[in-house]
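Inside the fold
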Amino acid sequence: MKLDSRIYVAGHRGLVGSALVRRLRAAGHDKLLTRTHAELDLTDETATRDFLLAEKPDYVFLAAAKVGGIVANNTYPAEFIRDNLAIQSSVIHGAYLAGVKRLMFLGSSCIYPKLAPQPLREDSLLTGPLEPTNRAYALAKIAGVEMCWSYNRQYGTRYLAAMPTNLYGPGDNYHPQNSHVIPALLRKFHEAKQSGSEVVTVWGSGTPLREFMFSDDMAAACVHLMQLPDDRFERLLGSDETVSGRFEPPLVNVGVGEDLTIAELAALIGRTVGFEGRIEFDTSKPDGTPRKLMDVSLLRSTGFEPRTSLAEGLKAAYRDFVASLG
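So, here is what we can say about the structure in this document. (Residues numbered from 1 in each chain as written. Predicted model: local features only at pLDDT ≥ 70, side-chain atom pairs only at ≥ 80, totals over all residues. Heavy atoms only, no water.)

Overview of the packing of aromatic side chains
Spelled out, the test is: Stacked, edge-to-face and tilted are the three classes for Phe, Tyr and Trp ring pairs, Trp counted by its six-membered ring, which pair at centre distances within 6.5 Å; planes under 30 degrees apart are stacked, over 60 edge-to-face, the rest tilted. Put simply, DSSP H or I for four residues or longer makes a helix, DSSP E for two residues or longer makes a strand, and each gets a number counted from the N terminus. Exposure categories follow from relative accessible area, calculated using a 1.4 Å probe and restricted to protein chains: below 20% of the type maximum is buried, above 50% is exposed, and the middle band is partly exposed.
Throughout the structure, instances matching the rule amount to ten aromatic pairs. For the ring pair Tyr 96 and Tyr 155, a centre distance of 4.0 Å and an interplane angle of 20° mean the geometry is stacked. Taken together, the positions of Tyr 96 in helix H4 (residues 77-98) and Tyr 155 in helix H5 (residues 135-155) put the pair 59 residues apart, joining distant regions of the chain. Relative accessible area serves as the criterion here: at 36%, Tyr 155 is assigned to the partly exposed category.

Given below as structure tokens:
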């Protein structure tokens, strides 16, 4: 990507999209294309196609999605599969029609089977049943990977799917019911501290292992991948299995390669916030997948390493949460 390349970031107001915009602007890219949902409904295939044909971006980061934590995924599965399938179809097909040079589709580690061997490798895709609480969202994202793969195979496009691990950072969603684990816990511990509560109750047993990546590190990884020379980028696009006989999707895991238990995370967030009470676990609530650690050896082979420790990232995220309170 040259500094004067036209780059469309779909979903620029979300956690992922806003981090991508910060990273691209910091690198000197000044021809970024963005549209709010009010300006462009990406579930509208005609409107999305017309926008892409008119603006002719050179590169597209598809970070727009309907996202949420375990409660939201389990409560609204119809919306999660419907909206995400519609967004992906509109943008990927529109990008093809507009002649986009490279597209990056952002997914989630939940695409991998619930009991896949750890750490999760890219070739674990489609090898077993998914976690039922977020299966609708996961299937939508798997369809996005397949769509990139199919367009590459049929039309010779250069579309790459990047699967981030659990993300957190500035611009996160801190809704008490519909947010992911880190923003939800930041809010819960902050409110307990403010109210003088002696106990914070965390959903589940506290034993599941999770990996977390600071959103700005994720953005740096994605921009790094999109900047790779043609020969190195094309090696990430996998192969046509009907020709090669190998299962090689155009897929790269984006993570840090380390995890910790939810109990350890809760304790760390408590210290970050300054909560001095005790932590209890509500074992009547679901744990979700026992472990989700990404194998990031493919990403590392391209020369990328994350820079932000979890402790540093949580401090930045907490500052952002407090600022969001006004």
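Focus: helix H2 (residues 45-55)
This is how it is decided: Regarding the arc, it is the one traced by the directions from the helix axis to the C-beta atoms. Between two residues, a contact is recorded if the distance between any of their heavy atoms is within 4.5 Å. For this analysis, a polar contact is any N or O atom pair within 3.5 Å, provided that within protein one partner can donate a hydrogen and the other can accept it, and provided that sequence-adjacent residues contribute only side-chain to side-chain pairs.
The complete set of buried residues in H2 reads Thr 48, Phe 51 and Leu 52. Along the axis of H2, the buried positions cluster into a sector of 95°, meaning they face one direction only. Of the surrounding secondary structure, the elements contacted by the buried residues of H2 are strand S1 (7-10) and H4. Looking at where H2 begins, the residue whose side-chain oxygen comes 3.1 Å from the main-chain nitrogen of Thr 46 is Asp 44.

A few points about the state of the cysteines
Each disulfide is one covalent bond, formed between the sulfur atoms of two cysteines. Heads up, the condition is: Count a disulfide wherever a pair of cysteine sulfur atoms falls within 2.5 Å.
Per the counting criterion, the structure on display carries zero disulfides. With no disulfide of its own, Cys 110 lies closest to Cys 148 among cysteine sulfurs, the gap being 16 Å.

A short note on the nonpolar core
Heads up, the rule is: Only buried Ala, Val, Leu, Ile, Met, Phe, Trp, Tyr and Cys residues count toward a nonpolar core, and they belong to the same one when joined by side-chain atoms within 4.5 Å.
Of all hydrophobic cores here, the largest spans 40 residues; its most connected members are Tyr 8 and Leu 103. Secondary structure elements with two or more residues in this core: S1, H2, strand S3 (59-62), H4, strand S4 (102-106), H5 and strand S5 (159-164). In terms of residues, this core owes the most to one element, H5, which gives seven residues. Other than its neighbours up to four places away in sequence, Leu 103 contacts Val 60, Val 91, Ile 92, Ala 95, Cys 148, Arg 158, Tyr 159, Leu 160 and Met 226.

Focus on the packing of H2 against H4
As a reminder of what qualifies: Each axis is a line fitted through C-alpha atoms, and for a helix only the stretch in contact is used; angles between axes span 0 to 180 degrees, taken between their N-to-C directions. Left-handed describes a crossing in which the near helix is turned anticlockwise from the far one by less than a right angle; the clockwise case is right-handed. Residue polarity is assigned by list, with Asp, Glu, Lys and Arg as charged and Ala, Val, Leu, Ile, Met, Phe, Trp, Tyr, Cys and Pro as nonpolar; anything else, Gly included, falls into the polar class.
For the pair H2 and H4, the least separation of the axes is 9 Å and the interaxial angle reads 35°. Here H2 runs over H4; the crossing is right-handed. Only Ser 90, Val 91, His 93, Gly 94, Ala 95, Leu 97 and Ala 98 of H4 make contact with H2, whose side of the interface consists of Glu 45, Thr 48, Arg 49, Leu 52 and Leu 53. Of the residues belonging to the contact of H2 with H4, the class tally is six nonpolar, four polar and two charged.

Considering the sheet that holds strand S2 (residues 32-33)
Short version of the rule: Between any two strands, pairing holds if DSSP finds at least two bridges.
In space, the six strands of this open sheet follow the order S2-S1-S3-S4-S5-S10, with parallel pairing throughout. Bordering the open sheet on either side are S2 and strand S10 (251-254), each of which pairs with just one other strand. In terms of strand pairing, S5 meets S10 through four bridges, oriented parallel. When the sheet's bridge partners are listed, Pro 164 is paired in S10 with Val 254. Against the sheet, H4 contacts S3, S4 and S5, and its axis sits at roughly 175° relative to S3.

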